[in-house]
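Fold and geometry: a report
Single-letter residue listing:
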Amino acid sequence: MKVLVFDVWGEFGHFRKHYTTTSPLTYSIPPRTAIAGMIGAIEGFGKDEYLQYFSKEKANVAVKISHPIKKTRIAENLIDTKIAPLMSRIKTRTQIRFEVLKDVKYRVYVSHSSEEVYNKLYSMLKEHKSVYTLCLGLSEHIANYEFIGEMEAVRELSDSEREIHSVIPEKDLIKISFEEGKEYFSETIPIEMLPNREVTEYGKILFEKNAKCILANVSNLWRLENGEGIVFM
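Here's what I pulled together on the structure shown here. Numbering of residues starts from 1 in each chain and follows the order in which that chain's sequence is written. Side-chain atom pairs in this predicted model are given and counted only at pLDDT of 80 or more, local residue features only at pLDDT of at least 70, and totals for whole chains, interfaces and linings cover all residues. Just so you know, side-chain values use all the structure's heavy atoms and leave hydrogens and water out.

**Structural notes on the sheet that holds strand β9 (residues 184–193)**
The test is simple: One requirement defines pairing of two strands: DSSP has to find at least two bridges between them. Starting at the N terminus, helices and strands are each numbered in turn, a helix being any DSSP run of H or I of at least four residues and a strand any DSSP run of E of at least two.
The sheet built from three strands is open, its strands ordered β7-β10-β9 with antiparallel pairing. A strand with exactly one partner marks an edge of an open sheet, and here the two such strands are β7 (168–169) and β9. For β9 and strand β10 (residues 199–208), the ladder comprises nine bridges, and the chain directions are antiparallel. In the sheet register, Ser 186 faces β10, and the bridge partner there is Leu 206.

**So, the environment of Phe 6**
Let me state the cut-off plainly: Think of it in three bands: with a 1.4 Å probe and only protein chains considered, a residue is buried below 20% of the maximum accessible area for its type, exposed above 50%, and partly exposed in between.
Turning to its location among the elements, Phe 6 is positioned in strand β1 (residues 2–13). Phe 6 sits in the buried class, given a relative accessible area of 0%. Phe 6 sits 10 residues away from Arg 16 along the chain, and the two C-alpha atoms are 23 Å apart.

**Focus: the packing of helix α1 (residues 32–43) against helix α3 (residues 115–126)**
How two helices pack is summed up by the angle between their axes together with the distance between the axes. Going by this rule: Interaxial angle, 0 to 180 degrees, is taken between N-to-C directions of lines fitted to C-alpha atoms, where a helix line uses only the stretch in contact. Working rule for angles: under 35 degrees goes down as roughly parallel, over 145 as roughly antiparallel, 65 to 115 as roughly perpendicular, anything else as oblique. Should any heavy atoms of two residues lie within 4.5 Å, those residues are considered in contact. For this classification, Asp, Glu, Lys and Arg are treated as charged, while Ala, Val, Leu, Ile, Met, Phe, Trp, Tyr, Cys and Pro are nonpolar and the rest, including Gly, are polar.
Taken N-terminus to C-terminus, the directions of α1 and α3 make an angle of 75 degrees; their axes are 9 Å apart at the nearest point. Between α1 and α3, the crossing angle belongs to the class labelled roughly perpendicular. Together, Ile 39, Ile 42 and Glu 43 of α1 and Val 117, Lys 120, Leu 121, Met 124 and Leu 125 of α3 make up the contact between the two elements. Taken together, the residues that form the contact of α1 with α3 break down as six nonpolar, no polar and two charged.

**Description of α1**
The following threshold applies: Helix span, expected: 1.5 Å multiplied by one less than the number of residues in the helix.
Between its terminal C-alpha atoms α1 stretches 17 Å, which fits the 16 Å expected from 12 residues at 1.5 Å a residue. Taken across its 12 residues, α1 has 10 buried, putting it largely inside the fold. Here α1 has its buried residues at Arg 32, Thr 33, Ile 35, Ala 36, Met 38, Ile 39, Gly 40, Ala 41, Ile 42 and Glu 43.

**What to know about the environment of Asn 226**
Cut-off, in case you're wondering: Here a polar contact means two N or O atoms within 3.5 Å. Within protein one must be a hydrogen donor candidate and the other an acceptor candidate, and residues neighboring in sequence count only if both atoms are side-chain atoms.
In this structure, Asn 226 sits in the loop between β12 (221–224) and β13 (229–230). When sequence neighbours within four positions are dropped, the list of residues in contact with Asn 226 reads Arg 107 and Met 151. Engagement of the side chain of Asn 226 in a polar contact is seen with the backbone nitrogen of Glu 228, the distance being 3.1 Å.

**Observations concerning the packing of aromatic side chains**
The criterion, for reference: Two aromatic rings from Phe, Tyr or Trp, using only the six-membered ring of Trp, form a pair when their centres are within 6.5 Å; if the ring planes differ by under 30 degrees the pair is stacked, by over 60 it is edge-to-face, and anything between is tilted. In this scheme, Lys NZ or Arg CZ marks a charge over a ring once it lies within 6 Å of the ring centre and within 35 degrees of the ring normal.
Following the criterion strictly, the structure yields seven aromatic pairs and no others. Where Phe 6 meets Tyr 145, the ring centres are 6.1 Å apart and the plane angle is 75 degrees; that geometry is what we call edge-to-face. Here the residue Phe 6 occupies a position in strand β1, and Tyr 145 occupies one in strand β5 (residues 144–156), the gap between them amounting to 139 residues. You'll find Phe 6 and Tyr 145 in the same group, each marked buried. Residues Phe 45 and Phe 54 carry aromatic rings whose centres are separated by 6.1 Å and whose planes lie at 70 degrees to one another, so their mutual orientation is edge-to-face. Accessibility expressed as a relative area gives 13% for Phe 45, which makes it buried. Residue classification places Phe 54 among the buried positions, given a relative accessible area of 3%. Three or more aromatic residues link up through ring pairs in this structure, and these residues are Phe 45, Tyr 53 and Phe 54. It is Lys 105 that lies over the ring of Trp 9; its NZ or CZ is 5.6 Å from the centre.

**Quick notes on the pairing of strand β4 (residues 93–112)**
Where β1 meets β4, nine bridges bridge the pair, whose relative direction is antiparallel. Of the residues in β4, the one forming a bridge with Val 5 is Tyr 109. Sheet topology places strand β2 (residues 59–65) next to β4; seven bridges connect them, and they run antiparallel. Looking across to β4, one finds that Val 61 is bridged to Val 110. Examined bridge by bridge, strand β3 (residues 71–79) and β4 share nine bridges and lie antiparallel to one another. By the bridge assignment for β4, Lys 71 is matched with Leu 101.

**Focus: α3**
Stated precisely, the cut-off is as follows: It is the directions from the helix axis to the C-beta atoms that the arc portrays.
Helix length check: α3, at 12 residues, gives a terminal C-alpha distance of 16 Å against a target of 16 Å (1.5 Å per residue), a fit within 8%. Among the residues of α3, Val 117, Tyr 118, Leu 121, Met 124 and Leu 125 are the ones counted as buried. Taken around the axis of α3, the buried residues stretch over an arc of 135 degrees, which confines them to a single face. Turned more than 90 degrees away from the buried face of α3 sit Glu 115, Glu 116 and Lys 126, all of them exposed. Where α3 is buried, its residues contact β1, α1, α2 (50–53), β4 and β5.

And the structure:
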């Protein structure tokens, strides 16, 4: 399988947990749906169409934590743009404290069943272009990216613990070897979502918050040319 690999990073990021409102909390990694949005922004798919191009049946997506997960809180002024069409006339503002990710960096792995979609993404990544501005969850958190390359991914039999560099979906986890000096966490994140933003599938993922690999036995392991072991979400 051919896989496109690129790094994405930014000063801040926020991927809102669906059950938080007045004090928004963030997931530690971009959910699969958010990664689909990033790729859609690069290729130029509209916000109402990109999800249909990156469903689980059409695309394989994995993500690796490249910088330790750090979170902080920032107060932001929210405005009601429906009150007045001109921003200068909006007087009502509500200050909300957002939990945000700081010094964010991830590595994204993508393959696609459509040659057209795959080739366009390859071309855009290679030329460092994007149709829409790339961001980390919210439009205020602008992101940059670097194309690492196109790599061959080979399915690997995992009959024992192997080094896994991406986050691991719980459904694929058989056994994990907990190692000293590593911090393990799990989160339940959106996996599939309809264009109307209705989430149709959630999944639990396991990760090491300091960007270290995890020694585990998994049922769906892929090994890249550079030696990285990944599991698609």
